[in-house]
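Here are the chains, one letter per residue:
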Amino acid sequence: MPNMRLTKNPMPSQKADVRNKNFKEVALGYTEEMAIDEAQRCLNCKNKPCVEGCPVKIHIPEFIACVAKGDFAAAYEIISRSSSLPAVCGRVCPQESQCESKCVRGIKGEAVGIGRLERFVADWHNAQENVTVNKPESNGHKVAIIGSGPSGLTCAGDLAKKGYEVTVFEALHVAGGVLVYGIPEFRLPKVIVQKEIDTLKALGVKIETNMVIGKVLSIDELMREYGFEAVFIGSGAGLPRFMNIPGENLNGVFSANEFLTRINLMKAYKEGSHTPVYRAKKVCVVGGGNVAMDAARCAKRLGSDVTIVYRRTEAELPARREEVEHAMEEGIKFQMLTNPTEVLGDENGWVKGMLCQEMELGEPDEKGRRRPIPKEGAMCTLECDAVIMSIGTSPNPLIKSTTAGLEVNAHGGIIVNEDGLTSRDGVYAGGDAVTGAATVILAMGAGKTAASAIDEAIAKNAE
Amino acid sequence: MYKIVKKEILNPTVTRMDIEAPFVARKAQPGQFIILRVDEDGERVPLTVADYNREEGTVSIIFQVVGASTEKLNHLNEGEYIADFVGPLGKATDIENKKRVCVVGGGVGCAIAYPVAKGLFEKGCEVHSVIGFRNRDLVILEEDFDKVSAKCVKMSDDGSWGEKGLVTDALRALIEEGNEYDEVICIGPLMMMKFVCALTKEYNVKTIVSMNPVMVDGTGMCGGCRLTVGGKVKFACVDGPEFDGHEVDFDEAIKRSGTYKAFEKGEREKVCNLYKKEVE
């Protein structure tokens, strides 16, 4: 008999007024008892709507059935057939709009905590000693992956499991892409990312750091001189956008990318770090996405008084609801319907405030979101000594500009077909480099699609 | 890990190192830069490529000890390793089809100006060099500039070497003498580049400057290196590091370069104290 309780087992977490002063993980994870209890809420539906909601098609009811029986090793085995990064996805996937949104239990009550169970299983697995990874026998075919973020790692993992000789080229000094430079420690501890990468290495994936493809080697060289039969581009979103308003180059104005990279990749949050990060008294974060929430919550942990400035209302915030709630609990203020028009500076060129236009919501746009329009004559000034711009990114032009025949759209995103194939033979792409800034799991889905297309194409050529 | 195959002390605060990095050496060109990390916890330090040897697979860097990382780097010796070395980054200098160019270098900026002068010379361009230092003790690359320059004017602030005066004085004299330049390429402290550009604007001579702003990743991701050029925001790491000097907003760049000054000074003192303790 399933457990018919209407609510999920709550996630044990650090208290808001404690965690907003440290960088340790906010959510602590289920105990075995909680996991088994939660798993028993699953009805094991025949038509499995949850699987349809998963971009990498994890066999969700099957793994949950194993958890319910207490067979965590079997549960892990089922998840890892579909996902190369379960400990990551269990933490950062927007399950509420994917698998859990389709859960039958969600019709009356709360969906099964699929994400929390996935995380539990992955963490349980990672805590086991002497886990052996079976390295498949090489099939002799070489594939190059550009970028070691979620799409690249997924593509690499899937191909390695099939016996391909995979080399991942990473521009930075450490692998992981946005998982290490962008998403903060308190949402995704870096030891977890490293564990997942180590598992891929054990599968035979080679990772070459400090390699900026497009500069040190071109895609053509990889294919012609180094014998890679296919290339997957997962180079990520790239250049931060700014608002193009006066004062944006004052000292104390940062892109969210710079602020987060200093803190996460360069460990500026740690005592004794050699990387400087500006610890402002009062920070305004402009934007309302997940990255804005991450930047705001990092700034809060560095001791700043933080306000999120967004031009629409709370209902339109593009960030995950959970992130918004976490930010609010941690004492971050939200200034809605406010659009900066100028960053104000002092005589030494440092930020002292922001001049803003008050907005109101007008007619819905083509996406159905109500468009913000300026409220005539209503201006306000926000006092602050740092501004973090978190209004999105545009694709990095490095690879496009050095790869002849690679077509991109008007926004600079690489054009691909449904298999992830670009306009160049043997060259595939996925993740933010194609879509512009999106989520980890969508990038992983794209990496997965491309991996299976690459496998098919190479197998066909070999015939 | 990347091996230091050669180390040469150029003056008390400036050191040259040849680093084994065959992939970078194959592609590096004058005007481009690299980013290095001295050790596992190190910051990412951007440095312009001073020279390269494609056969031996080495890239030369010349650095001035200004902060904690360069202090640590300077304590390493031949045969030791640094953690990371990535490049070549940024766009290369356009050295093609130039008849006569004046290369102006100031202080450690001469280390970056030299490969440009050499590159131009090898392409058959007539190179006039103006190199300036605060005093005789800080001079670097004098003979190297002599070799590639049809004219090499040497300036020092205190007159202890070459002529007493600023590089702008020498450049003005060269232009007034009737030397016509396709362009001036100027690399040095921001203040010097600002005044050289003000001067060449008077004479309407195109001027290229090499910018070295605060930077984290060097691949276009962080936006920390942004500058205003011709009224538009540009990223030094992907759009530069060289720009049309007459379009660069130097006053803004000078202010932005001070963002982390206090932190850097403190960090260097900490590192220096550590080395002092080791000696004691």
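Details of the overall build of chain A
Assigned secondary structure in chain A consists of 17 helices and 15 strands. The globule rule puts the C-alpha radius of gyration for 463 residues at 23 Å, and the 23 Å found for chain A is close to it. For chain A, the spread of C-alpha atoms along the three principal axes comes to 70 × 60 × 50 Å. Buried positions account for 58% of the 463 residues belonging to chain A.

Focus on the overall build of chain B
The helix and strand tally for chain B stands at 9 helices and 16 strands. Computed over the C-alpha atoms, the radius of gyration of chain B is 18 Å, within 12% of the 19 Å expected from 2.2 N^0.38 for a compact globule of 280 residues. Expressed as lengths along the three principal axes of its C-alpha atoms, the size of chain B is roughly 55 × 40 × 40 Å. Looking at chain B as a whole, 57% of its 280 residues are labelled buried.

Considering the domain arrangement of chain A
Residue and element names in this part refer to chain A. Each assigned domain of chain A is listed with its residue range as follows: domain 1 (25-127), domain 2 (142-238 + 393-462) and domain 3 (242-389). Using only C-alpha atoms to locate each centre, domain 1 and domain 2 end up separated by 26 Å. Counting the surface lost from both domain 1 and domain 2, the interface buries some 1900 Å², and carbon and sulfur atoms represent 68% of this. The largest per-residue losses of area from domain 1 upon contact with domain 2 belong to S84, L85 and V92, which jointly make up 31% of the total buried on that side. At the junction of domain 1 with domain 2, the criterion picks out 0 salt bridges. There are 6 residue pairs in polar contact (both at pLDDT 80 or more) connecting domain 1 and domain 2. Broken down by secondary-structure element, the contributors of at least two residues to the side of domain 1 that touches domain 2 are α5 (72-82), α6 (86-92) and α7 (114-127). Examining the composition of the side of domain 1 that touches domain 2, we find that 6 residues originate from one element, α6, more than from any other.

Remarks on the sheet that holds strand β12 (residues 370-383) of chain A
The strands making up a sheet associate through hydrogen bonds between their backbones, and the pairing can be parallel or antiparallel. Residue and element names in this part refer to chain A. Spatial strand order, β10-β11-β12: 3 strands in an open sheet with antiparallel pairing. Each edge of the sheet is formed by a strand with only one pairing partner; in this case those strands are β10 (338-345) and β12. When strand polarity is set aside, the average angle formed by the axes of neighbouring strands in this sheet is 20°. Relative to β12, strand β11 (residues 351-364) is paired through 9 bridges, and the arrangement is antiparallel. Counterpart to M354 in the pairing with β12 is L382.

Comments concerning helix α5 (residues 167-176) of chain B
Every α-helix carries 3.6 residues per turn, so stepping three or four residues along brings you back to the same face. All names here are of chain B. Regarding α5, the residues found buried are V167, T168, A170, L171, L174 and I175. Considered in projection along α5, the buried side chains sweep an arc of 160° and stay on one side of the axis. Next to the buried residues of α5 lie β8 (100-106), β9 (126-133), β10 (151-156), β12 (183-187) and α6 (190-203). Positive backbone phi, at 100°, marks G178, one or two positions downstream of α5.

Regarding the sheet that holds strand β5 (residues 58-64) of chain B
Residue and element names in this part refer to chain B. Reading across from one edge, β6-β1-β2-β5-β4-β3-β7 is the order of the 7 strands in this open sheet, with antiparallel pairing throughout. Unpaired on one side and paired on the other, β6 (81-82) and β7 (84-89) mark the two borders of the sheet. Relative to β6, strand β1 (residues 2-11) is paired through 2 bridges, and the arrangement is antiparallel. Each residue of the ladder has a partner; that of Y2, found in β6, is I82. Helix α3 (residues 110-122) rests against β4 (45-53) and β5 of the sheet, and its axis sits at about 35° to β4.

Looking at the packing of aromatic side chains
Residue and element names in this part refer to chain A. Under the definition given, this model contains 12 aromatic pairs over all chains. Ring geometry for F72 and F120: centres 4.9 Å apart, planes at 80°, overall edge-to-face. Placement of F72 in helix α5 and of F120 in helix α7 is noted, with a sequence separation of 48 residues between them. Take F72 and F120: they sit in the same class, and that class is buried. In this structure an aromatic cluster arises from ring pairing among F23, F186 and Y269. Geometry around F186 places R301 over its ring, the cationic atom sitting 3.7 Å from the centre.

Details of unusual backbone geometry
All names here are of chain B. Residue P88 follows G87 across a cis peptide bond; omega there is -5°. Within the secondary structure, P88 is located in strand β7. A cis amide bond, omega 10°, links G240 with the succeeding residue P241. Looking at where P241 falls in the secondary structure, it is placed in the loop between α7 (236-239) and β16 (242-244). Positioned with a positive phi, L141 is a non-glycine residue whose angle comes to about 60°. In this fold, L141 is placed in the loop between β9 and α4 (142-148).

A closer look at the interface of chain A and chain B
A common way to express how large an interface is: the accessible area buried when the components associate. Contact with chain A, which involves 42 residues of that partner, is made by 44 residues of chain B. When the buried area of chain A at its contact with chain B is split by residue, K215, N249 and H274 of chain A rank highest and sum to 21% of it. Along the contact surface separating chain A from chain B lie 3 salt bridges. E221 of chain A serves as the salt-bridge partner of K27 of chain B, at 2.6 Å between the closest nitrogen and oxygen.

As for helix α12 (residues 256-263) of chain A
All names here are of chain A. Within α12, 8 of the 8 residues are buried, which leaves it mostly tucked inside the rest of the structure. Turning to α12, its buried residues number three or more, namely A256, N257, E258, F259, L260, T261, R262 and I263. The secondary structure elements touched by the buried residues of α12 are α9 (178-181), β5 (239-240), β6 (253-255), α13 (290-301), β13 (386-389) and β14 (393-394).

Some words on the side chain of T259 of chain B
Here T259 of chain B shows up in the loop between α8 (250-256) and α9 (261-279). Polar side-chain contacts of T259 of chain B include one of 3.5 Å to the side chain of N251 of chain A. Here the side chain of T259 of chain B touches R256 of chain B through a polar contact of 2.6 Å, landing on its backbone oxygen. Excluding its chain neighbours within four sequence positions, the residues that come into contact with T259 of chain B are N251 and W350 of chain A.

Section: the packing of α5 of chain B against α6 of chain B
Residues and elements named next belong to chain B. Where α5 contacts α6, the two axes come as close as 10 Å, and the packing angle between them is 20°. It follows from the interaxial angle that α5 and α6 lie roughly parallel. In the packing of α5 onto α6, the handedness of the crossing is right-handed. Facing V167, T168, L171, R172, I175 and E176 of α5, the residues of α6 in contact are M192, F195, V196, L199, T200, E202 and Y203. A class-by-class count of the residues in the contact of α5 with α6 yields 8 nonpolar, 2 polar and 3 charged.

Considerations on the packing of helix α8 (residues 150-161) of chain A against helix α17 (residues 440-462) of chain A
All names here are of chain A. Two numbers describe how α8 lies on α17: the axes approach to 7 Å, and their chain directions differ by 35°. Every pair of crossing elements has a handedness; the one defined by α8 and α17 is right-handed. Residues P150, S151, T154, C155, D158 and L159 of α8 form the contact with α17, whose own contacting residues are V440, A443, M444, G447, K448, A450, A451, I454 and D455. When the residues that make up the contact of α8 with α17 are grouped by side-chain class, the tally is 9 nonpolar, 3 polar and 3 charged.

Rules behind the numbers
Residues numbered from 1 in each chain as written. Chains lettered and ligands numbered in written order. Predicted model: local features only at pLDDT ≥ 70, side-chain atom pairs only at ≥ 80, totals over all residues. Heavy atoms only, no water. Helix = DSSP H or I, 4+ residues; strand = E, 2+ residues; numbered from the N terminus. Rg over C-alpha atoms; globule rule 2.2 N^0.38 Å. Buried < 20%, exposed > 50% of the residue type's maximum accessible area, 1.4 Å probe, protein only. Domains from an automatic or database assignment. Buried area = accessible area lost by both parts, 1.4 Å probe. Salt bridge = Lys/Arg side-chain N within 4 Å of Asp/Glu carboxyl O. Polar contact = N/O pair within 3.5 Å; in protein donor to acceptor, adjacent residues only side chain to side chain. Pairing = 2+ DSSP bridges. Axes fitted to C-alpha atoms, helices over the stretch in contact; angles between N-to-C directions. Arc of directions from axis to C-beta. Contact = heavy atoms within 4.5 Å. Phe/Tyr/Trp six-rings, centres within 6.5 Å; stacked < 30°, edge-to-face > 60°. Lys NZ or Arg CZ within 6 Å of the ring centre and 35° of its normal. Parallel < 35°, antiparallel > 145°, perpendicular 65-115°, else oblique. Left-handed = near helix turned anticlockwise from the far one by under 90°. Nonpolar A, V, L, I, M, F, W, Y, C, P; charged D, E, K, R; others polar.

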